[in-house]
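Coordinate analysis (summary)
The primary structure of each chain is shown beneath.
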Protein chains: 4
Amino acid sequence: MTLTAVEPSADTTDEPIAEACPIAPDGMHGYISDQERYLRRINRIEGQVRGIGRMIDDERYCIDILTQISAITNALEGVALGLLEDHLRHCILDAAGSGSGAAVEAKVAEATQAIARLVRS
Amino acid sequence: MTLTAVEPSADTTDEPIAEACPIAPDGMHGYISDQERYLRRINRIEGQVRGIGRMIDDERYCIDILTQISAITNALEGVALGLLEDHLRHCILDAAGSGSGAAVEAKVAEATQAIARLVRS
Amino acid sequence: MTLTAVEPSADTTDEPIAEACPIAPDGMHGYISDQERYLRRINRIEGQVRGIGRMIDDERYCIDILTQISAITNALEGVALGLLEDHLRHCILDAAGSGSGAAVEAKVAEATQAIARLVRS
Amino acid sequence: MTLTAVEPSADTTDEPIAEACPIAPDGMHGYISDQERYLRRINRIEGQVRGIGRMIDDERYCIDILTQISAITNALEGVALGLLEDHLRHCILDAAGSGSGAAVEAKVAEATQAIARLVRS
């Protein structure tokens, strides 16, 4: 996959990622085995968002646009829940394996804050 | 604005829209005055979704991806709430002006169902 | 129904309500015809919340408590959506009937803010 | 605390709880140290729900009732997020300590489903 567009958002910096997901026992990141599947889902969501622009351009009926937005929000939440499940499996349990209570505590607090943002968004 | 990409979603059909937003007294659709602003917001959200794909491609830290997804969901909800406000203003009140109780009832039920989808998505 | 408990929340003040729902053509408030039904639903939700306290008291399994909380949240949203539908029907349309653009605008803004709180809660 | 009311909901059965939170190393359930605090929060939410019944009884302005419902939903989500954080800390990590991959997987799937219900409720 090639992503030529450069977005001015915080996620496109080239600086090294300070806190990376710990490498799982199989030498892979938490979600790498499903990486292609996640990319396909995100590609499809990107197309759905583009479709919203087209609906607004075409002055489509407001309620139909709202229905599409709800569908996109659900799809994004599905991706987020999948990533979260992978994260809980690989990252927190790796932290548990390290035996450090502080590391576990930090991971749990971080995950809970991410969940809170999902629940409240 | 030109949108050359063709998405396989339900919103790209060329068939006439059966139920259009009633024309407001000033001869414009409910949200047309803000159309350009909505398109800019949707364009920006589309770029943010593309950024998620880039983050997955780069195997960025899961929690950072979740944070971005929550931001996109919030941005989409902001667009939806704006469209809904426009809709309530123009469409329902037009229905009220028509004096038909059944038309009002249909509009209110339709709007409530759209709100329910937003609340539960 | 008698409610003897006095809660320290904002809703128990005895001061007159500045902005009441306009009286509908049939001389009733927007939701009065369903008032008993709403009270029964709220009574049931109150019992479900009390059940959560009992579950915590009994140190029930955390996930089961979370499931119950989700059920209560859904039930509360159902009540909110019902009240909102009634509100849109009776209050906004009464505002429309008054012919005052400013009154309509104020009602629409107020309703949209309430919807935003529901969507984001 | 005594809770004498018997609710007809699923959470009041007297049957033994098949799957209990594993006992933490300190011999306590995951959330027992905060049990009193959770009970106070639930008591307060119960009172807020009762306040909603009072508002409906008094035919209070619909939008004010919606505002209160959003506040209750937020409070319930706060309790849920607290319980979830405790659960992630104590239960999942206990499962990790057991060394059984299947047990970890089951706990992660269960937690993710609970989170999905929270996100979508």
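Structure report, in brief.

Conventions adopted
- Residues numbered from 1 in each chain as written.
- Chains lettered and ligands numbered in written order.
- Predicted model: local features only at pLDDT ≥ 70, side-chain atom pairs only at ≥ 80, totals over all residues.
- Heavy atoms only, no water.
- Helix = DSSP H or I, 4+ residues; strand = E, 2+ residues; numbered from the N terminus.
- Buried < 20%, exposed > 50% of the residue type's maximum accessible area, 1.4 Å probe, protein only.
- Areas by Shrake-Rupley, 256 points an atom, 1.4 Å probe, with all protein chains shown as cover.
- Axes fitted to C-alpha atoms, helices over the stretch in contact; angles between N-to-C directions.
- Parallel < 35°, antiparallel > 145°, perpendicular 65-115°, else oblique.
- Contact = heavy atoms within 4.5 Å.
- Nonpolar A, V, L, I, M, F, W, Y, C, P; charged D, E, K, R; others polar.
- Salt bridge = Lys/Arg side-chain N within 4 Å of Asp/Glu carboxyl O.
- Phe/Tyr/Trp six-rings, centres within 6.5 Å; stacked < 30°, edge-to-face > 60°.
- Lys NZ or Arg CZ within 6 Å of the ring centre and 35° of its normal.
- 1 Å grid on protein atoms, 1.4 Å probe; cavity = no way out; pocket = protein on both sides within 12 Å on 5 of 7 lines; lining within 4 Å.
- Points joined across faces, edges and corners; volume = space filled by probe spheres on them.
- Polar contact = N/O pair within 3.5 Å; in protein donor to acceptor, adjacent residues only side chain to side chain.
- Expected span 1.5 Å × (residues − 1).

For the rest of this paragraph, the subject is the overall build of chain A. Helix and strand content of chain A: 3 helices and 0 strands. Expressed as a percentage of its 121 residues, the buried residues of chain A come to 55%. Accessible surface for chain A amounts to roughly 5000 Å². Of this, 51% is attributable to carbon and sulfur atoms.

Viewed as axis vectors pointing N to C, helix H1 (residues 35-57) of chain A and helix H1 (residues 35-57) of chain B meet at an angle of 175°, and their least axial separation amounts to 9 Å. On the basis of their axis angle, the class for H1(A) and H1(B) is roughly antiparallel. Here H1(A) contributes Gln35(A), Tyr38(A), Leu39(A), Ile42(A), Ile45(A), Glu46(A), Val49(A), Arg50(A), Ile52(A), Gly53(A), Ile56(A) and Asp57(A) to the contact with H1(B), which in turn contributes Gln35(B), Tyr38(B), Leu39(B), Ile42(B), Ile45(B), Glu46(B), Val49(B), Arg50(B), Ile52(B), Gly53(B), Ile56(B) and Asp57(B). Here the contact of H1(A) with H1(B) is built from residues that sort into 14 nonpolar, 4 polar and 6 charged.

Let us look at the pattern of salt bridges. In the structure shown here, the tally under the stated rule is 28 salt bridges over all chains. Between Arg37(B) and Asp34(B) there is a salt bridge, with the nearest N and O atoms lying 3.5 Å from each other. By relative accessible area, Arg37(B) is classed as partly exposed at 37%. Accessibility expressed as a relative area gives 25% for Asp34(B), which makes it partly exposed. With a closest N to O distance of 3.3 Å, Arg50(D) and Glu46(D) form a salt bridge. Taken together, the positions of Arg50(D) and Glu46(D), both in helix H1 (residues 35-57) and 4 residues apart, correspond to about one turn of that helix. The pair Arg50(D) / Glu46(D) is uniform in exposure class, with both members buried. Beyond isolated ion pairs, a larger network of salt bridges with shared partners links Glu46(A), Arg50(A), Glu46(B) and Arg50(B).

Overall, the coordinates contain 0 aromatic pairs over all chains when judged by the stated rule. Here the basic side chain of Arg37(A) rests over the ring of Tyr38(A), its NZ or CZ set 5.7 Å away from the ring centre.

Let us now look at empty space enclosed by the protein. In total, this model carries 1 cavity of 30 Å³ or more according to the counting rule given. Of the voids in this model, the largest cavity is the one considered here, and its volume is about 30 Å³. Every residue lining the largest cavity is listed: Val119(A), Ser121(A), Val119(B), Ser121(B), Val119(C), Ser121(C), Val119(D) and Ser121(D). When grouped by side-chain class, the residues that make up the lining of the largest cavity number 4 nonpolar, 4 polar and no charged.

Before going further, it helps to examine the side chain of Ser121(A). Mapped onto the fold, Ser121(A) is located in the segment after helix H3 (101-120). We classify Ser121(A) as buried; its relative accessible area is 4%. Within the structure, Ser121(A) has its side chain in polar contact with the backbone oxygen of Leu118(A) (distance 3.2 Å). In this structure, Ser121(A) is in contact with Ser70(B), Thr73(B), Asn74(B), Glu77(B) and Val119(C), ignoring residues within four places of it in sequence.

The next subject is helix H3 (residues 101-120) of chain C. The periodicity of an α-helix, 3.6 residues per turn, causes residues three or four positions apart to be oriented the same way. Across its 20 residues, H3(C) extends 28 Å between first and last C-alpha, which sits within 8% of the 28 Å expected from 1.5 Å per residue. By the burial criterion, the buried members of H3(C) are Val104(C), Lys107(C), Val108(C), Glu110(C), Ala111(C), Thr112(C), Ala114(C), Ile115(C), Ala116(C), Leu118(C) and Val119(C).

The next point concerns the environment of Arg120(A). Residue placement: Arg120(A) occurs in helix H3. In this structure the C-alpha to C-alpha distance between Arg120(A) and Ser98(A), which are 22 residues apart in sequence, comes to 32 Å. Apart from the residues lying within four places of it in its own chain, the contact partners of Arg120(A) are Asn74(B), Arg120(C), Asn74(D), Glu77(D), Gly78(D) and Leu81(D).

When glycine is set aside, most residues are seen to have a negative phi, and most peptide bonds are trans. Not every positive phi belongs to a glycine, and Glu59(C) is a case in point at roughly 55°. Tracing the sequence through the fold places Glu59(C) in the loop between helix H1 (35-57) and helix H2 (62-97).

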